[in-house]
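Here are the chains, one letter per residue:
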Amino acid sequence: GAVEWSLDFERIKALPRRPKPDLDSLVQHYTEKLRRPGGTMVLRPIQAWMLHEGAQVGGLIGPVGCGEGKSLADCLMPMVVPDCKRAVLFIPPSLRPQFLGHDWDFYGQHFILPNLAGGSKFVPGRPVLHVIAYSELSSQNASTILQQINPDLIIADEAHNLKNRGTARVRRFLRYFIERDETRFMGWSGTLPSKSLHDYAHLAALALGAGSPLPNEASTVEERA
């Protein structure tokens, strides 16, 4: 049957529709802003769009598919988010060796990157990026890992790894936002919704707050789902 009226429905209905930005201009702007001297790489349109939304809105939920360049957005996002000091990047454990062993150095030849926690170089004034595997968040020994780092920005690559709110991993993740609700969140994946709105409504709420196009109230999420 039809869904019931709710304040959440009215909020979503009233959200403004924005025109698609001029992606060529965004590519030029963010490539020039972030490319280091001697770098030759040019951002893809989807990467420039992600960086622009992150910089302007401070939150992002992105249905970005495999092979579209999420790893470079992982690296660069802390450089464009205003007043970012400490960022955490969550990635699947299978991708962490590739990211730290290859991607980081490769992209660093072309773009100005944040400081990497545990890295050999430190540039004053740049944010620090901590790269954490989702499996580390699942470990009971690391139950306070976010509190110890105290990030002001959390990025979730392959964010569908945070879809199940009943797991210890996601409960620990959400607890940090309850304690520090000013923290910015950005997440992207090619498979955000696998079965239900339950898979990512909570992530959209963290990223966009009242601007989320999905229901924020648990009862409304359940009804829509």
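That block above? That's the structure.
Counting restarts for each chain, with residues numbered from 1 along the sequence as it is written. The predicted origin of the model limits local features to residues at a pLDDT of at least 70 and limits the giving and counting of side-chain atom pairs to 80 or more, whereas totals for whole chains, interfaces and linings rest on all residues. Hydrogens are left out, water is left out, and the side-chain values use all remaining heavy atoms of the structure.

## A look at a nonpolar patch on the surface
Phase 1: Residues qualify for a patch when their relative accessible area is over 30% and they have no salt bridge, like charges being joined within 9 Å and the nonpolar side chains of Val, Leu, Ile, Met, Phe, Trp and Tyr within 5 Å. For the accessible areas, the method is Shrake-Rupley and the probe is 1.4 Å, while residue cover comes only from the protein chains on display. A pairing counts as a salt bridge when a side-chain nitrogen of Lys or Arg comes within 4 Å of a carboxyl oxygen of Asp or Glu. A contiguous nonpolar surface patch, about 380 Å² in accessible area, is contributed by Trp5, Leu7 and Phe9.
Phase 2: Secondary structure counts use DSSP, requiring at least four H or I residues in a row for a helix and at least two E residues in a row for a strand, with both numbered from the N terminus. Among the secondary structure elements, Phe9 is positioned in helix H1 (residues 7-13).
Phase 3: Phe9 sits in the partly exposed class, given a relative accessible area of 35%. Partly exposed describes any residue whose relative accessible area lies between the buried limit of under 20% and the exposed limit of over 50%, with all areas from a 1.4 Å probe on protein chains only and scaled to the type maximum.

## Here we look at unusual backbone geometry
Phase 1: With phi around 60 degrees, Asp83 is a residue other than glycine that occupies positive phi space.
Phase 2: Judged by relative accessible area, Asp83 falls into the exposed class, the value being 64%.
Phase 3: The phi torsion at Glu158 lies on the positive side, around 55 degrees, for a residue other than glycine.

## Quick look at the packing of aromatic side chains
Phase 1: We call Phe, Tyr and Trp rings a pair once their centres come within 6.5 Å, taking the six-membered ring for Trp, and we label the pair stacked below 30 degrees between planes, edge-to-face above 60, and tilted otherwise. As enumerated under the stated definition, the model contains eight aromatic pairs in all.
Phase 2: Pairing Tyr176 with Phe177 gives two aromatic rings, centres 6.2 Å apart and planes at 85 degrees, and the pair type is edge-to-face.
Phase 3: Summarising the aromatic geometry, the rings of Phe177 and Phe185 are spaced 5.9 Å apart at their centres and angled 85 degrees between planes, so their arrangement reads as edge-to-face. Phe185 shares its class with Phe177; the two are buried.

## Quick word on the pattern of salt bridges
Phase 1: Under the criterion given, the structure shown has six salt bridges.
Phase 2: Between Lys70 and Glu158 there is a salt bridge, with its nearest N and O atoms 3.7 Å apart. Taken as a pair, Lys70 in helix H4 (residues 70-80) and Glu158 in the loop between strand S5 (153-157) and helix H8 (168-179) lie far apart in primary sequence, 88 residues in all. The pair Lys70 / Glu158 is uniform in exposure class, with both members buried.
Phase 3: With a closest N to O distance of 3.7 Å, Asp152 and Arg184 form a salt bridge. Pair noted here: Asp152 is in the loop between helix H7 (145-149) and S5 and Arg184 is in strand S6 (residues 184-189), with a separation of 32 residues, a long-range link.

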